[in-house]
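The lines below spell out each chain.
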Amino acid sequence: MREKTIFLGNEICCGTYAFLNTVQDKDIDYKTFEITSTVPFGIRHREEKDYSRLLTTYCDPNIGLDRAAGLWGYRQHKEMFRNSNAAAEYILKKSKTDRCLIGPLDMGRLGYLVLPNLYVNMDHYITIFQLDERLFCMDSEGIPIRHINREELESWILVNGLPEAEGWISVRSYEKTEFVSGDERETKAVRDSFELIAKNFTGARESGQGNYAIEKCWHWLKEQPVMRWRLSFLYDIAYLIQRKILQQYWCGLVDTKHLTGGDWILKAERMIEEQIHILGNMFYVLQWENMIYEGDFHKLAELEENLSTVIEKRFLLYR
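Worth saying up front: this structure is predicted, and the values here are computed from it rather than measured. (Residues numbered from 1 in each chain as written. Predicted model: local features only at pLDDT ≥ 70, side-chain atom pairs only at ≥ 80, totals over all residues. Heavy atoms only, no water.)

1. Overview of the sheet that holds strand β3 (residues 74–81)
Spatial strand order, β3-β8-β4-β5-β6-β7: 6 strands in an open sheet with antiparallel pairing. Looking along the sheet, the strands with just one partner apiece sit at the ends: β3 and β7 (143–148). Sheet twist, expressed as the average angle between the axes of neighbouring strands with direction ignored, equals 30 degrees. Here strand β5 (residues 123–131) pairs with strand β6 (residues 134–139) via 5 bridges, running antiparallel. When the bridges of β6 are listed, Thr-127 appears paired with Met-138. Relative to β5, helix α1 (residues 14–23) is tilted by about 10 degrees, and along the sheet it contacts β3, β4 (100–106), β5, β6 and β8 (169–176). Running at roughly 150 degrees to β3, helix α3 (residues 61–71) makes contact with β3, β4, β5 and β8 of the sheet. (Pairing = 2+ DSSP bridges. Helix = DSSP H or I, 4+ residues; strand = E, 2+ residues; numbered from the N terminus. Axes fitted to C-alpha atoms, helices over the stretch in contact; angles between N-to-C directions. Contact = heavy atoms within 4.5 Å.)

Below, the structure is given as structure tokens:
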């Protein structure tokens, strides 16, 4: 009998943490919200100079947050700014009455982090609010609360060349419009996100991403010196494992809530489990031997293609 997979790392991404810090809704399960954002489903490969986003999300959190809020009964108000001065001015006014979710931001510009230069060109999300006319920041990267001033705020909320931001500083706030809570709300959110999850897999494959992204990643990396991309790819493997574990969690939710029937869930779970083991082996070999193997990429891509097919077919029947 194979040992159970153990993963030591974050369970969800910063966009979900920032949303929960903003709305302060204790009835929302953090893993389920991440799933309904659909961010964990689908893979994209980008060829960037800093070797970031080698195997990243097909649906980035900036889109996922827009998708998920309404599924949980929240009306989202979103303002977008081209410069940090205008954004800071708006945040100072808006945060007097509503908590604000800011992002994506260039994480490397957040001066309160230790060695922020290590995070340059990484997308990140934070929460800003006011208490007794004082401005505070909350960040899932170990900053539960920090007093800040206007100058700090303006110098931190920058996007630079961040691809997810497309040049815009986004400021979100939320109003709860549906007061259904508990299992009924969660079931509805999981059910209503099914179509978007299936579309992630379909869209990834049709745009040359998904399983093709994994093959593209192999062909690009094998031509580059390993020490240039080693740390970046170790990071991407770890977060892809995180997303695969969330996919397993989603299968369990769909099964226990009886949203669909059939043996497709077991097939999907087995494929995801095999992908996790391949990724774990890739991480180990790269960490200790500074090597990657073509066969691992091919098998991972084959499983991603098969997983996409299973979920796409199941959704067509479900619909």
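Okay, back to it.
2. Some details on empty space enclosed by the protein
Tallied over the full model, the rule gives 1 cavity of 30 Å³ or more. If you trace the largest cavity, you find it lined by Cys-13, Gly-15, Thr-16, Phe-33, Glu-34, Ser-37, Val-39, Pro-61, Gly-64 and Leu-65. Only α1, α2 (30–36) and α3 provide two or more residues apiece to the lining of the largest cavity. In terms of residue count, the dominant contributor to the lining of the largest cavity is α3 (3 residues). Grouping the amino acids of the lining of the largest cavity by side-chain chemistry returns 5 nonpolar, 4 polar and 1 charged. (1 Å grid on protein atoms, 1.4 Å probe; cavity = no way out; pocket = protein on both sides within 12 Å on 5 of 7 lines; lining within 4 Å. Points joined across faces, edges and corners; volume = space filled by probe spheres on them. Nonpolar A, V, L, I, M, F, W, Y, C, P; charged D, E, K, R; others polar.)

3. A closer look at a nonpolar patch on the surface
Taken together, the side chains of Val-114, Leu-115 and Leu-118 present a nonpolar region at the surface, about 340 Å² in accessible area. Summarising the element assignment, Leu-118 is placed in the loop between β4 and β5. Accessibility expressed as a relative area gives 58% for Leu-118, which makes it exposed. (Patch = residues over 30% accessible without salt bridge, like charges linked within 9 Å, V, L, I, M, F, W, Y side chains within 5 Å. Areas by Shrake-Rupley, 256 points an atom, 1.4 Å probe, with all protein chains shown as cover. Salt bridge = Lys/Arg side-chain N within 4 Å of Asp/Glu carboxyl O. Buried < 20%, exposed > 50% of the residue type's maximum accessible area, 1.4 Å probe, protein only.)

4. Things to note about the packing of helix α8 (residues 226–256) against helix α9 (residues 264–289)
Two elements in contact, α8 and α9, have axes separated by 9 Å at closest approach and are oriented at 160 degrees. It follows from the interaxial angle that α8 and α9 lie roughly antiparallel. Crossing of α8 against α9: the hand is left-handed. (Parallel < 35°, antiparallel > 145°, perpendicular 65-115°, else oblique. Left-handed = near helix turned anticlockwise from the far one by under 90°.)

5. Remarks on the layout of surface pockets
Considering only enclosed or pocket space, the largest pocket measures out at about 940 Å³ in volume. Looking at the largest pocket, it is lined by 33 residues, and the ones nearest its centre are Met-122, Asp-123, Tyr-235, Asp-236 and Tyr-239. Going through the elements one at a time, α1, β2 (56–57), β5 and α8 are the ones with two or more residues in the lining of the largest pocket. A total of 6 residues in the lining of the largest pocket trace back to one element, the largest contributor, which is α8.

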